[in-house]
Amino acid sequence: MNLMYPQIVTGADLLRGIVKLDELAPLLQQRGASSAAIVNSKLYGVRSFSKMLSKYGIRPVIGLSVKVSIEDKDLLLYVYAKNQLGFSNLMKMSSAISTREEENLPLSWLHAYREGCWVICALTDSSWAAHRTAEIVQQLVEAQADQSTFIGIGRPGGAKHAEEDRMIELAGECKLQIAACHETRFLHAEDFPSYEVATAIRKGYKLNDPQKPPNRFRQAYLPQAHELSEWFHDHPEWLLLTTEILSACQVNISNQDFQLPTFPIPAGRTAISVLTEKCQKGLQSRFQQLPAEYAKRLNYELEIIEQMGFTDYFLIVEDYVRYAKNEKILVGPGRGSSAGSLVAFALGITEVDPIHYGLLFERFLNPERVTMPDIDIDFADNRRTEVVNYVADTYGKQHAAQIITFGTLSTKAVARSIARALDFTPEEVRFMSNELSSGRSFKDTVQQSRKLQDWISVDPRRALWQQSAERLEDLPRNASTHAAGVVLSTDPLVNFVPLQIGTEEVFLTQWAMKDVEEAGLLKMDFLGLRNLTLLDRIRSMVQYNKKLEIDFESIPLDDRATYNLFKTGDTTGIFQFESPGMRRALQTIHPDNFNDLYSVNALYRPGPMEFIPLYSRRKNGQEPTTYEIPELQPILAETYGIIIYQEQIMKIAVEIAGFTLAEADLLRRAISKKNQQVLEKERQHFIAGATKKGFDHAKANNVYNLIVKFADYGFPKSHAVAYTLISYRLAFFKANEPTYFYAAYLSSLTGSKDKMMELIREIKAKGMEIHPPSVTNSRYSHTVEGNAIRLGLGAIKGVTFAFYQQLAIARENQQWSSMFDMAIALGADHFTEKTLIPLIKAGALDGFGETRAVLLASIDAAQSHALYIGDDALSEQFKFNSHPKYNPGGTMDRLTVLAFERDTLGFYLSEHPIEELKRNAADLIQPISSLLDLRPGAKVKCMGIILSIKRIRTKKGEAMAFLTLQDETEEVSCTVFPKLYAQISVHLNENQFVQLAGTIDYRNHAVQVIIDQMTPLSTNEKE
């Protein structure tokens, strides 16, 4: 008898099984298994299962565990695909199950989709309890002479089911054969505890919970051949039938040809004629008279696009981009190699003129290397979903879907999840979290940590924690929606990929990105870009306040103020240019044109960044630009003789070696793979072409060496240009409309306390005013008032958008002069202590002219007044004559006022408390920002608030600490060595104000202060 395993639930089924394919396949091979069947609850992981088993010479069988609904009962069946038709029907079944709330399959649907499938009724499964009747089974039988339905009987661990005799009788009554069943959910018997942990994680209970459900899969391991034979020794024919069923399954899951969608074309037209017309109109809108070079390039690109069969694709992309722009959804100027297409530019898909910037179409579409086109589009991230929904509505929900992605149990995630299931104490969780490394596997981390090994050895629960973590690490835990991927097809998607319920009424594929592409579906990326949302917010604010229409394409690319901002590295909030290293690169190169700017962007990456000093010297006239041969000058002049872009490599191959652009693209790809044989073959090809054009053999060889050297560094110029446009536009607004830029950027940082504080310091340093939130003036987000920024109410913790909407309605056409007016307008239902306390603490009611202490003390009085005035029985005259009074609130010290601001806003707004202490200081106190440029050994005195403390012990066991100190200008790391720590540890508390003297040192290239002396401070100024 051939060894076959009929029901394997793999780890792809989101912790319903913990079988890993890279362990399963070699084990099956080692045992001599000829076939194995996957029966997950959805078709998750079937392509990977098929590929992995085929690689090891084992025939994969594709099955599905189906809960079929009969008379309001969900009964377990195993359904297997006999052939390609059966596999297609399995996809439909899996989709039907996964798009129903009940996650079951109606009986009529089973019959509709069962052609080409085997069906095994898993009678020993608990779902069949009390339903093992001929009437039920007969409903599953397709016809009188049904040869595709079987009774399934399992004997896990060799144990017979109590009702097995009744099942055998039932098979006889229904004239159905019996097949041996055995579900495998983990590989080895000793893996059951880990499987039990996985089940606890999936279902959300703790293993020590006495109410937890029983786990009936204790024997669901992968049995040896002799075990199966022993378990079914009295009915070997059941095993034989199972073998015959699996042997009859022949499904080929190979890579499919792409199923390109079609664009709806008016009658009498062709797709290419529509595309050509759209392109011509697009270029005519940009040029009064189309230059011959553009007309020639357009015709060439259109010819290639039609030849490669991608005409409909371009029309589809143009359609949803146009929709987005018509709906005022901000679309990025381009992304990746697609910016090298004049057709994309003409259609408005990109905003980068490829001829002006010397971009190459062949870098995007190469007729000699047929791959699917890949036009990735960026949208403002807060409105991306609208475009996805448009595509689904336009082409039909059966034809468009978002792509699934699976969240896996990483080293730390698996450790924490298991710790919760095992009910670890907070102290245990803290210890293991601190000891685990994100950079290596759980097993390697434990092997290299003596502390973890000792910690685990003292408690059996911890040993189970270790065992389970090693078994479950890297398994998928949950499914979510891919951040960008969308698939589209002319025929219903369910013919190619199983589907499930997604978000926003758009289906989700059950297969991840790679599997979807292998199934022949065209993947399109709809990316949400936060920086486009930031630009859109700036545009909206300027248009609202100044009544100016902003056209981003009309922004001049030679604005001096913008380049001054880049030259000085003043790039907080500027996409791609914020990092300290990038700021140094900008200060080194001093970009004064757009070419320099996208060159810096391309250079600032590992490898090419070593050429930043050379680029700077040549650009700024400190060193002459040289070329290997004069013919390279036209190609490399824009980058001062340095190869930066992939397009330059391609142009060198064309100009020096006579390659076509298509051949040059193949060369670029071949060189980047670093295959020695290919490198040598291409060298001969290059040199032969160059010598044919009259170049010296040695020089041709040197140029080829130059190409090889820079091939790894080469960056797509098309992407650099397109993405730098986004950065430039942000910088333009920061340089020319700074209040609008900062107001919008602050709004985007809501919830990120540290970044907001850093930005507020920058805003104040530039002399701009920030007004506190106000219940009479603020909107939900931050806005611009005159030359100042008004903080929005949404920045206050505890203030919801729903409350803001009520407030906005209440204050419409009203002038509030007191908190009592506000209470009446809002009504007692919305004017509550819960909403008013954070508003008052943040200063949003300061405009009423009372102290925050008084306002807090008067909330109840205002509520009572709102209830009193809101009584319909009161006369208007009585309401008019009522004069409510605030309650005396006493005084509130200044530190408390500022602490309330920090609690509700996440930062100090009025002023940093340390500023008051500095004013009263007897010593000369240095701002922390000034310390960052000092040399090691410099003596300093500063004041600040302790934000965080990390206490450790030295190798000698002595206590010491690292802390972060902040003043109104910056933050700095400080070190307290053991001797001083012993004296001042009592004062080392978070949020403690201190004055210190110390010495500048550098750790990991960052400045720190070694503290020599430290004194605690306090402030008592009243409100």
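The structure presented is a predicted model; accordingly, all values stated were derived computationally and were not measured.

Engineer: Which residues make up the overall build of the protein, and what values go with them?
Structural biologist: When helices and strands are tallied, the protein shows 43 helices and 23 strands. C-alpha atoms of the protein, sized along the principal axes, occupy 100 × 90 × 75 Å. For the protein, the residues scored as buried account for 54% of the 1023 residues in total. Taking as baseline every contact in the protein between residues at least 6 positions apart, the subset at least 24 positions apart corresponds to 71%. Counting every atom, the protein has about 44600 Å² of accessible surface; 48% of that belongs to carbon and sulfur. The distance from the centre of the 111 positive side-chain charges to the centre of the 123 negative ones in the protein is 4 Å.

Engineer: Tell me about a negative patch on the surface, residues and numbers included.
Structural biologist: On the surface, E71, D72, D74 and E135 cluster together into a negatively charged patch. One can find D74 in strand β4 (residues 73-81).

Engineer: Any details on the confidence of the model for the protein? Residues and values, ideally.
Structural biologist: Summing up the model confidence of the protein, the mean pLDDT is 91 and the portion of residues at 70 or higher is 98%. Per-residue pLDDT stays below 50 along residues 873-880; that stretch engages in six contacts with residues further than four places along the chain or on separate chains.

Engineer: Give a description of the packing of helix α27 (residues 646-657) against helix α29 (residues 676-692) that names residues and reports values.
Structural biologist: For the pair α27 and α29, interaxial distance at closest approach is 7 Å and the crossing angle is 45°. As judged from the angle between their axes, α27 and α29 are oblique. Facing I652, A653, I656 and A657 of α27, the residues of α29 in contact are F686, G689 and A690. Considering only residue class, the contact of α27 with α29 consists of six nonpolar, one polar and no charged.

Engineer: Please give an account of the sheet that holds strand β10 (residues 377-380) that cites residues and values.
Structural biologist: Across the sheet, six strands lie side by side as β10-β15-β12-β11-β14-β13; this open sheet has mixed pairing. Each edge of the open sheet is held by one strand with a lone partner, namely β10 and β13 (499-500). Bridging between β10 and strand β15 (residues 522-529) involves four bridges; their strand directions are parallel. Bridge pairing in β15 links D378 to L527.

Engineer: Break down a positive patch on the surface for me, with residues and values.
Structural biologist: A surface patch of like charges, here positive, comprises K206, R416, R420 and R477. Taking relative accessible area as the criterion, R416 reaches 35% and is therefore assigned partly exposed.

Engineer: I'd like to hear about the pattern of salt bridges, residue by residue, with values.
Structural biologist: Evaluation of the coordinates by the stated rule reveals 52 salt bridges. The partner of E386 in a salt bridge is R383, with the nearest N and O atoms 2.8 Å apart. Close ionic contact of K918 with D967 constitutes a salt bridge, the shortest N to O distance being 2.9 Å. Highlighted residues: K918 in helix α41 (residues 913-919) and D967 in the loop between β20 (959-966) and β21 (971-976), separated in sequence by 49 residues. As far as burial versus exposure is concerned, K918 and D967 are alike and both buried. The network of salt bridges with shared partners includes R155, K160, E164 and D234.

Engineer: If you had to explain the sheet that holds strand β16 (residues 769-771) to someone new, which residues and values would you point to?
Structural biologist: Here we have three strands laid out as an open sheet, ordered β16-β18-β17, and mixed in their pairing. In the strand order of this sheet, the two ends are held by β16 and β17 (783-785), each with one partner. Ignoring which end each strand starts from, the neighbouring axes of this sheet average 35° apart. The sheet contact formed by β17 and strand β18 (residues 788-790) spans three bridges and is antiparallel. Along β18, the bridge assignment pairs T783 with R790. Its contacts with the sheet put helix α32 (residues 738-748) on β17 and β18, and the angle it makes with β18 is roughly 25°.

Engineer: Lay out the packing of helix α21 (residues 530-546) against helix α31 (residues 717-736) in plain terms, naming residues and giving numbers.
Structural biologist: In the contact formed by α21 and α31, the axes pass within 10 Å of each other and the chain directions differ by 35°. Handedness of the α21/α31 crossing: left-handed. Taking contact as the criterion, the partners of N531, L532, L534, L535 and I538 in α21 are, on α31, I726, R729, L730 and F733. Grouping the constituent residues of the contact of α21 with α31 by class yields seven nonpolar, one polar and one charged.

Thresholds applied
- Residues numbered from 1 in each chain as written.
- Predicted model: local features only at pLDDT ≥ 70, side-chain atom pairs only at ≥ 80, totals over all residues.
- Heavy atoms only, no water.
- Helix = DSSP H or I, 4+ residues; strand = E, 2+ residues; numbered from the N terminus.
- Buried < 20%, exposed > 50% of the residue type's maximum accessible area, 1.4 Å probe, protein only.
- Contact = heavy atoms within 4.5 Å.
- Areas by Shrake-Rupley, 256 points an atom, 1.4 Å probe, with all protein chains shown as cover.
- Lys, Arg positive; Asp, Glu negative; His and termini not counted.
- Charge placed at Lys NZ, Arg CZ, Asp CG, Glu CD.
- Patch = residues over 30% accessible without salt bridge, like charges linked within 9 Å, V, L, I, M, F, W, Y side chains within 5 Å.
- Salt bridge = Lys/Arg side-chain N within 4 Å of Asp/Glu carboxyl O.
- pLDDT = per-residue confidence, 0-100.
- Axes fitted to C-alpha atoms, helices over the stretch in contact; angles between N-to-C directions.
- Parallel < 35°, antiparallel > 145°, perpendicular 65-115°, else oblique.
- Nonpolar A, V, L, I, M, F, W, Y, C, P; charged D, E, K, R; others polar.
- Pairing = 2+ DSSP bridges.
- Left-handed = near helix turned anticlockwise from the far one by under 90°.

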